[in-house]
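# Coordinate inspection notes
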Amino acid sequence: MMSRSYTNLLDLAAGNLTALGGGGGGLRRMSRVMTVPGTLSELDGDGDGDEVSSDVPSSLSQDRIIIVSNQLPIRSKPRPDGHGWSFSWDDDSLLLQLKDGLPADMEVVFIGSLAVDVDPADHDDVAQTLLDRFNCVPAFLPDDLFDKFYHGFCKQSLWPLFHYLLPFSADHGGRFDRSQWESYVLANKLFSQKVIEVINPEEDYVWIHDYHLMALPTFLRRRFNRLRMGFFLHSPFPSSEIYRTLPVREEILKALLNCDLIGFHTFDYARHFLSCCSRMLGIEYQSKRGYIGLDYYGRTIGVKIMPVGIHMGQLESVLRLPDKEWRVAELQRQFEGKTVLLGVDDMDIFKGMDLKILSFEQMLRLHPKWQGRAVLVQIANPARGRTGKDLEGIQSEIHESCKRINDEFGRPGYSPVLFIDRSMSSAERVAYYTVAECVVVTAVRDGMNLTPYEYIVSRQGISEREQGMESDGPRKSMLVVSEFIGCSPSLSGAIRVNPWNIEATAEAMNEAISLSDVEKQLRHDKHYRYVSIHDVAYWSKSFLQDLERACRDHSRKRCWGFGLGFGFRVVALDPNFSKLNVDAIVSAYKLSKSRAILLDYDGTVVSQTSINKEPSPEVIRIINTLSLDDKNVVFIVSGRGRSSLGKWFSPCRKLGIAAEHGYFLRWTRDEEWKTSSQNSDFGWMQMAKPVMKLYTEATDGSSIEPKESALVWHHQDADPGFGSAQAKEMLDHLESVLANEPVSVKSGQFIVEVKPQGVGKGLVAEKILSTMTENGRQADFVLCIGDDRSDEDMFEGIADFMTKSLVTPNTSLFACTVGQKPSKAKYYLDDTAEVVNMLGALADASEPSPLIEAGAEPSLSTDAKS
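Residues numbered from 1 in each chain as written. Predicted model: local features only at pLDDT ≥ 70, side-chain atom pairs only at ≥ 80, totals over all residues. Heavy atoms only, no water.

### Structural notes on the overall build of the protein
- Scanning the protein for helices and strands turns up 30 helices and 32 strands.
- Across the 866 residues in the protein, those meeting the buried criterion constitute 55%.
- For the protein, restricting intrachain contacts to residue pairs at least 6 apart in sequence, the fraction spanning at least 24 positions comes to 72%. (Helix = DSSP H or I, 4+ residues; strand = E, 2+ residues; numbered from the N terminus. Buried < 20%, exposed > 50% of the residue type's maximum accessible area, 1.4 Å probe, protein only. Contact = heavy atoms within 4.5 Å.)

### Here we look at the sheet that holds strand S17 (residues 495-497)
- Strands sit in the order S14-S13-S12-S15-S16-S17 across an open sheet of six strands; the sheet is parallel. The outermost strands of the open sheet, each flanked by one partner alone, are strand S14 (417-420) and S17. Neighbour-to-neighbour, the strand axes of this sheet turn through a mean angle of 20°, independent of strand direction.
- Against the sheet, helix H18 (residues 502-514) touches strand S12 (339-346), strand S15 (438-441), strand S16 (479-482) and S17, its axis set at about 170° to S17. (Pairing = 2+ DSSP bridges. Axes fitted to C-alpha atoms, helices over the stretch in contact; angles between N-to-C directions.)

### So, the side chain of Ser 401
- Looking at the element boundaries, Ser 401 is found in helix H14 (residues 389-409).
- Under the relative-accessibility criterion, Ser 401 is labelled buried at 4%.
- Beyond its immediate chain neighbours, meaning those up to four positions away, Ser 401 contacts Ile 357 and Leu 358.

### Looking at the pattern of salt bridges
- Counted under the stated rule, the structure contains 36 salt bridges.
- Across the pair Asp 719 and Arg 279 runs a salt bridge whose closest N-O atoms are separated by 2.5 Å. On the criterion of sequence distance, the pair formed by Asp 719 in the loop between strand S27 (711-714) and helix H25 (720-737) and Arg 279 in helix H10 (residues 267-281) is long-range, its members being 440 residues apart.
- On the basis of relative accessible area, Asp 719 is assigned to the partly exposed category, the value being 31%.
- In the salt-bridge network here, residues are joined through shared partners; they are Glu 437, Arg 459, Lys 476, Asp 517 and Lys 520. (Salt bridge = Lys/Arg side-chain N within 4 Å of Asp/Glu carboxyl O.)

### Examining helix H24 (residues 684-698)
- End to end, H24 covers 22 Å across 15 residues, agreeing with the expected 21 Å (1.5 Å per residue, within 8%).
- Considered for burial, the residues of H24 that qualify are Trp 684, Met 685, Ala 688, Val 691, Met 692, Tyr 695 and Thr 696. Around the axis of H24, the buried residues are gathered within 140° of arc, so they sit on the same side. Relative to its buried face, H24 has exposed residues pointing more than 90 degrees away, namely Gln 686, Lys 693 and Glu 697.
- Residues of H24 that are buried in the fold lie against strand S26 (703-706), S27, H25, strand S28 (743-748) and strand S29 (751-756). (Expected span 1.5 Å × (residues − 1). Arc of directions from axis to C-beta.)

### Quick look at the packing of aromatic side chains
- Throughout the structure, instances matching the rule amount to 34 aromatic pairs.
- On the numbers, 5.4 Å between centres and 55° between planes, the contact of Phe 153 with Trp 181 is tilted. Of this pair, Phe 153 sits in helix H5 (residues 143-162) while Trp 181 sits in helix H6 (residues 178-198), and the two are 28 residues apart along the sequence. Like Phe 153, the residue Trp 181 is buried in the burial classification.
- With a centroid separation of 5.6 Å and an interplanar angle of 90°, the aromatic rings of Phe 237 and Phe 273 are classed as edge-to-face. Of the two residues, Phe 237 sits in the loop between strand S7 (228-232) and helix H8 (240-243) while Phe 273 sits in helix H10, which places them 36 residues apart along the sequence. (Phe/Tyr/Trp six-rings, centres within 6.5 Å; stacked < 30°, edge-to-face > 60°.)

### Focus on the sheet that holds S29
- Strand order in the open sheet formed by four strands is S26-S27-S29-S28, with antiparallel pairing between adjacent strands. What marks the edges here is a single partner per strand, and that holds for S26 and S28. Geometrically, the sheet is characterised by an average inter-axis angle of 15° between neighbouring strands, direction not taken into account.
- In the sheet, S28 pairs with S29 via six bridges, with the strands oriented antiparallel. Bridging from a neighbouring strand, Ser 747 pairs with Val 752 of S29.

Laid out in structure tokens, this is it:
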């Protein structure tokens, strides 16, 4: 029993498991356990000192995979004597079948719960038996916790929502219940503890399955920063308009982003997930060489699109059973002279069985030739979860429809609809597949649905050579499938329907059974080739390969964990990326003779979030002091216009300014502005403005920022998805329109910018240093600081400065970004306050030029040189 109410998720993440009876037991651990010192209770702490590093060297050389799911691939039944349990593999379990796609020498460990209630007194014995015989580690959840976790949050909140059912009322979809969510989190933590018991974080892969365990990645990632971890969602992922109604939407998204690879059955499901990440977390995806990735605090999370397949070997073994042969013969006698349409579905509200039966009724009315000839056999597998009012209503409607159709169109020896509402063996189900002319799937929403795949293989049968008999001719099959199921995109020869459209579905049924045998054979052959190749082994092998690819950089990068609760994430940085040491830079500063200091403005010396964008008196004082040092050349290099920058820094007489990314440049306050581009013709603006205006009018929340040398289109306040799509479209449009103009069109963070060619912060830095060299003042100290993408040009160019002899061979180079994020810079400072403090330390170490004190102002500009 739960002895306390977890209302604080941070407390919940820390876990008080003794109250749940989830404490230790007598289970002997696997011989292959994690090499990190410490007990399980020590791992439960959330303090900074308790984090387990994955940097401990491993003594193991062989990879292993830990597969975590809500339920183990195990069948359990009481022993005949009533003492203890008997266990066997569940051959129908996808988790067991996927082993065929893994390397033969890869050890597989399964972690999950059992489908039966085991007495707590037997937990240790059962766990040891499963571990020794099956390499399975059971997670035993207390009854009340399991009820709230599985029957509560999973089945009443996530399952309906992921199938597009909103909780408009308490009886329709299930309202969000905070206590159920807390139980979901706690259950996921218990699963994480089972993983921690057996894991070797340096060598093992972890593959988590389905929506029951979407919080699990956070618990594992906070323990092992470099853990190789993937997740596959076997249900649909809803559109952002549906998903955003979930009160814990961000918590689940952030938890999933702690994985290295996230898999979905279809592009639609992946697209919805990516849209949610963009709209709710502001994370955009990138596609490179066929792989989709999300850049999340320096980690690239892969997004995998691969529909699961069936286990060909298992299904073919059923086809060889003698039991199947006599069942087929019996069904052929039963339906002699009839055309059989077949439906095989679980009994739940999303399978659309009621719509299928209504469509069949409509077909009989619209096409009377099928009356007395066509039979719809609907097999309804027992409901997996608890039945509710919605399901009871659908069951009642199905029975009423079947009775009505059989009464209206039936005759002696002929019943148009045969409804089979019971569990069925594999052999019996395959027998029905074998005699069916067409399989009809009208689910209104389904993650994958492998019924069409099983039907195709059953119709193909096993090879005649293996049977030792002559072929009875080409195989044929037909499919009518809902466009709302995961397998639909893979079955290009199927007739796709909107199951809500009864008339269209009726016509599709008629078309399917009316096609010529040649057409049915061609479609069958096409489907069979796909299904036989893309089986479950193909799927698991492909997922593991992509998981391995996604984790290749783990050992190369340095990782830190930040955040509490579901805000936890790992920041992964290049090993050469380190915080700028103020003492070290001040020491190098004092030893140098000729210095170049290049500073970005917004986000570097002034906070991005500040409403007042003018520099503070302290910033003015520090920059003025630095620029007055005769050994220094100090520049503000910004995308801002020259008028505002010139006005704000007017007190700094010796400060250089490169405005609009360097298009306008001056070395001191009293010098004239120079342009960096030879082309002063801005006629292209008259071509670009109408295009930008067109997109601005069509995109609510967007705006145009005109500059003297550039045009910038902003879409930060627009709808994220639409704004991003419009930006991509505008980029193509502008590149086409301005193809022959001397400009470059680039996209950035929420912007599309058109500017003259040969303009950029990297070129500005190179020009400043080359001018210093030409004037006999080759720099031996270079400091570049910035915070956004445009500053990366400066950082990237720094590596080439020595090869181009723009600086002395022993120059101290400091490229510094603001914030811990992936960058081409070698150093970082956390925020603008640290930047100002560091510059202040340099200013304190500066020596005002005696020439300045005497009133002279030597210049380094090219005009002064000449």
